[in-house]
Amino acid sequence: MTPQKRILLGVTGGIAAYKSPDLVRRLVERGAQVQVVMTASARRFVAPLALQAVSGRPVRSDLWDEAAEAAMGHIELARWAELVLIAPASADFLARLAAGRADDLLAALCLATEAPICVAPAMNRVMWAHRATQANVATLAERGVRVLGPDSGPQACGEVGLGRMWEPAKLAESLLEPPPNAGLLQGLNVLITAGPTRERIDPVRYLTNRSSGKMGFAVAVAAREAGAHVTLVCGPVSLPTPAGVTRIDVESAREMYAAVHRHVAEADLLVAAAAVADFQPRSVAEEKIKKQGVAIDLALEPAPDIVKSVTEMAKRPFVVGFAAETHDVEANARGKLKRKKLDMIAANRVGDGLAFDCEDNALTVFWPGGRTEIERAAKLEVARALVALIAKRLPPPQGVARRAARKRRAPPTPPRTRPRARRIRR
Ligand code: C5P
């Protein structure tokens, strides 16, 4: 992070607001500038003066405060923020945020800002578990709002359960620590495929597979954390778009092929995590095929092999494939590495609660002349390890060491109007 990150801290009405001065202190300790904005009910739980003292800035609350608006209007304040953190985020505020209300200063700021928004919910466990709250949180996550917590434990109301705000230290650390692999893929264009494809049989039926898209989405998050510009081409999945990632939704292998080829010329790296159909119906029936109590034959033809079409290009990016296998993992993966002319392949065994439609994965990664294991862990952790490995193996001049060396040697270059990633030459 930049040491002077400008954080707009929204404090809403909940007992966890008594921790807000401590949160401000911890954010400031880590080099942030903090502007506190309180809702009217937050002012009943914590004194604005305390927050002013620790942040060093007058607290804002009122959309109609002429003096404050004259100093920095709410739109300017929304622009000033590099990050908006709502902590504690009450059930009521989450509902207002999800509904897009602008009925007080904090809600209006959240609508008017282009900065990423994080919320740290805090409420009674029954309120948290309520379907209305869960639907609001899902809406917010879908829109790219980062939801931090809540934790489980004893609550102010005397109950025990999920609904405690993350502790200030944990919030400050997760917001202001540099992300894992920070800078490893800085400025590179990374294209990722994820999820299954659907191959239409007739207007109501299709062929597909069990891929959830979670691994590809995790790679997108990890590549973004590493500083890349990420374009994620995904088949039909029900996952929120990771913050800062450009998403392109497709349905069939043919559509995925077309989307990849629209962007691959710009890409330095392609990670093909999609479980693309191997076969597609030779023709799509225009009307629903009627059952007639007898077997039918479905004529299938090979779907386009996206990854192979990319590795056959004269000027190609570094290409990493995935191989999900039920048996002979190593032999199959090595075969694909060679046959598809990949630079690297991440193989995993399917089954035993691994790979498809689950939270964990474990990979064996092969490249010409080498291999390594990535131990079983949450998919995001596995994706981060894979990104670190890819960054090591990217050919010069993108190889990290070479880039760093060039940076040390090179005279300062004049700033470009639009930053462009260097292309891989092969
Ligand atoms: O399906 P298969 O095991 O051959 O997949 C290996 C790799 O090839 C994966 O990275 C997958 O995304 C990619 N692939 C593709 N187009 C296909 C089939 C697979 O890009 N039609």
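Criteria and cut-off values
- Residues numbered from 1 in each chain as written.
- Predicted model: local features only at pLDDT ≥ 70, side-chain atom pairs only at ≥ 80, totals over all residues.
- Heavy atoms only, no water.
- Near = heavy atom within 4 Å.
- Polar contact = N/O pair within 3.5 Å; in protein donor to acceptor, adjacent residues only side chain to side chain.
- Areas by Shrake-Rupley, 256 points an atom, 1.4 Å probe, with all protein chains shown as cover.
- Helix = DSSP H or I, 4+ residues; strand = E, 2+ residues; numbered from the N terminus.
- Expected span 1.5 Å × (residues − 1).
- Buried < 20%, exposed > 50% of the residue type's maximum accessible area, 1.4 Å probe, protein only.
- Salt bridge = Lys/Arg side-chain N within 4 Å of Asp/Glu carboxyl O.

(A) Structural context of the site of the ligand. Taken together, 13 residues are adjacent to the ligand, and Ala-272, Ala-274, Pro-304, Phe-322 and Lys-336 come closest. At 2.6 Å, a backbone N or O of Ala-272 approaches an oxygen atom of the ligand. Lys-336 places a side-chain nitrogen or oxygen 2.3 Å from an oxygen atom of the ligand. Protein contact buries 90% of the 440 Å² of open area that the ligand shows by itself. Mapped by element, the contributors of at least two residues to the shell around the ligand are α12 (306-311) and β16 (318-325).

(B) Representation of helix α10 (residues 214-225). When the terminal C-alpha atoms of α10 are compared, their 16 Å separation across twelve residues agrees well with the 16 Å that a helix rising 1.5 Å per residue should span. Burial within α10 is extensive, with nine of its twelve residues counted as buried. Within the sequence span of α10, burial applies to Met-215, Gly-216, Phe-217, Ala-218, Val-219, Ala-220, Ala-222, Ala-223 and Glu-225. Of the residues one or two after α10, Gly-227 is the one with positive phi, at around 100 degrees.

(C) Layout of the pattern of salt bridges. Applying the stated criterion to the full structure yields 28 salt bridges. Measuring nitrogen to oxygen at the nearest pair gives 2.6 Å for the salt bridge that ties Glu-177 to Arg-30. Note that Glu-177 is positioned in the loop between α9 (168-176) and β8 (189-194) and Arg-30 in the loop between α1 (20-29) and β2 (33-38), a separation of 147 residues in sequence. A salt bridge links Asp-305 to Lys-340, with the shortest nitrogen-to-oxygen separation between them at 2.8 Å. Highlighted residues: Asp-305 in the loop between β15 (300-302) and α12 and Lys-340 in the loop between α13 (329-339) and β17 (344-349), separated in sequence by 35 residues. Judged by relative accessible area, Asp-305 falls into the partly exposed class, the value being 32%. Via salt bridges that share partners, Asp-92, Arg-96, Arg-101, Asp-103 and Asp-104 belong to a single interconnected network.

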